[in-house]
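Structure at a glance
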Amino acid sequence: MCHNNIKIEFLSKSQNEGFARVAVAAFATQLDPTIEEINDVKTAVSEAVTNAIIHGYDNEEQMITIEAIIDGNELTVIVCDTGKGIDNLELALQPLYTSRPDLERSGMGFTVMDSFMDSLEVKSDKGRGTSIIMKKLFTPLS
Amino acid sequence: MHLNFENSQDKLIVYMSGELDHHSSEEVRNIIDDRLDRDRFNKLIMDFNGVSFMDSSGIGVVIGRYRKLHMRNGEVCVTNIKSSVKRVFELSGMFKIIMSYDDVEQAIKNI
């Protein structure tokens, strides 16, 4: 059973969205993923990091942490911010809901994370931050 | 993200290449809107052939242009949607209101 993990920290600048998704995708290549699986992970990470930047920190520059863990064939990705937290989590998780319609957001972020990964858990404390925990099981090469 | 513009039969065609995420979407939105407003286009064809990555920010960009042109009785369609971006489009339900064509030629004929 193979086990590995990484932890990266970066400023909540939108320029770092590309870095974050590529870094996690590069780590996940140890699981011999298909192109589609890697694309799923990149998309989910991009959504989580975008949420932290826009909603968690309101575009203020603070640190975002990503921890990625490989356990056997499973990848866990935890994206954390220490921002303002989510007011109404149940509402935020609904497809097409956005708290920032002024920004032309689609309200699809959590729906994409939930659909592209195998599981999604969101923990949020008002005024203390949000952690998004996503897991994906990779099909082993036969 | 790199954008190339063409026009044909009073329709604006934008060929996008690169990664369409929250970071690039603001610039993409501003450049397309400038072009639409400057030359008074009300039909827009957005070509995704060169888009290697897109998250839900891309959906916001397409829906935003749809809303803008819809108010002018105009139209938006998308072309060359590859598998890497198709799932995000499908998940958003956007194909119910925005037509997708295999290529730009077909889009020019149909909108």
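Cut-off values and rules
Residues numbered from 1 in each chain as written. Chains lettered and ligands numbered in written order. Predicted model: local features only at pLDDT ≥ 70, side-chain atom pairs only at ≥ 80, totals over all residues. Helix = DSSP H or I, 4+ residues; strand = E, 2+ residues; numbered from the N terminus. Rg over C-alpha atoms; globule rule 2.2 N^0.38 Å. Buried ≥ 20, exposed ≤ 12 C-beta atoms within 10 Å, placed from the backbone. Contact = placed C-beta atoms within 7 Å. Core = buried A, V, L, I, M, F, W, Y, C linked by C-beta atoms within 7 Å. Expected span 1.5 Å × (residues − 1). Nonpolar A, V, L, I, M, F, W, Y, C, P; charged D, E, K, R; others polar. Pairing = 2+ DSSP bridges. Axes fitted to C-alpha atoms, helices over the stretch in contact; angles between N-to-C directions. pLDDT = per-residue confidence, 0-100. Right-handed = clockwise from strand over helix to strand, strands pointing away.

**Topic: the overall build of chain A**
When helices and strands are counted, chain A shows 4 helices and 5 strands. Going from N to C terminus, chain A has its helices and strands arranged as β-α-α-β-β-α-α-β-β. For chain A, whose C-alpha radius of gyration is 15 Å, the value lies close to the compact-globule estimate of 14 Å for 142 residues. Within chain A, the proportion of its 142 residues that are buried is 40%. Summarising the internal contacts of chain A: among those between residues at least 6 apart in sequence, 67% fall at separations of at least 24.

**Details of the nonpolar core**
By size, the foremost hydrophobic cluster in this structure holds 58 residues, and its most contacted members are V24(A), A44(A), V45(A), V79(A), M113(A) and M46(B). If we ignore the near neighbours within four places in the chain, the residues touching V45(A) are A20(A), R21(A), V24(A), V77(A) and V79(A).

**A short note on helix 2 (residues 56–70) of chain B**
The first and last C-alpha atoms of helix 2 of chain B sit 21 Å apart over 15 residues, in line with the 21 Å expected at 1.5 Å per residue. Burial in helix 2 of chain B covers these residues: S56(B), S57(B), G58(B), I59(B), G60(B), V61(B), V62(B), I63(B), R65(B) and Y66(B).

**Things to note about the interface of chain B and chain A**
Counting residues at the interface gives 17 residues for chain B and 19 residues for chain A. Breaking the side of chain B that touches chain A down by element, the ones donating at least two residues are helix 1 (22–38), helix 2 and helix 3 (83–92) of chain B. Sort the elements by how many residues they give to the side of chain B that touches chain A and helix 2 of chain B lands first, with 6 residues. By residue class, the composition of the side of chain B that touches chain A is 5 nonpolar, 8 polar and 4 charged.

**Structural notes on the sheet that holds strand 1 (residues 2–8) of chain B**
All names here are of chain B. Taken together, the 5 strands give an open sheet; going across it, the order is 1-2-3-4-5, and neighbouring strands pair in mixed fashion. At either margin of the open sheet sits one strand with a lone partner, and together these are strand 1 and strand 5 (99–101). Averaged over all neighbouring strand pairs, the angle between strand axes comes to 25°, with direction disregarded.

**Observations concerning the pairing of strand 3 (residues 74–81) of chain A**
All names here are of chain A. With 8 bridges connecting them, strand 2 (residues 63–71) and strand 3 associate as antiparallel partners. By the bridge assignment for strand 3, I64 is matched with D81. Between the antiparallel neighbours strand 2 and strand 3 lie 2 residues, among them G72 with a positive phi of about 60°.

**Quick word on the confidence of the model for chain B**
Of the residues in chain B, 100% have a pLDDT of 70 or more, and the chain-wide mean is 95. Reported for the predicted complex are a pTM of 0.95 and an ipTM of 0.93.

**Examining the pairing of strand 3 (residues 43–54) of chain B**
All names here are of chain B. Where burial is concerned, most of strand 3 is hidden: 9 out of the 12 residues are buried. Two strands pair when backbone bridges link them, and strand 2 (residues 11–20) and strand 3 are joined in this way by 8 bridges, in the parallel orientation. When the bridges of strand 3 are listed, V14 appears paired with M46. As a crossover connection, the stretch from strand 2 through helix 1 into strand 3 is right-handed. As defined by bridge partners, strand 3 adjoins strand 4 (residues 75–79) across 5 bridges and the pair is classed as parallel. Within the sheet, the bridge partner assigned to I45 lies in strand 4 and is C77. Handedness of the crossover is the feature at issue here: the chain leaves strand 3, passes through helix 2, returns alongside strand 4, and the resulting connection is right-handed.

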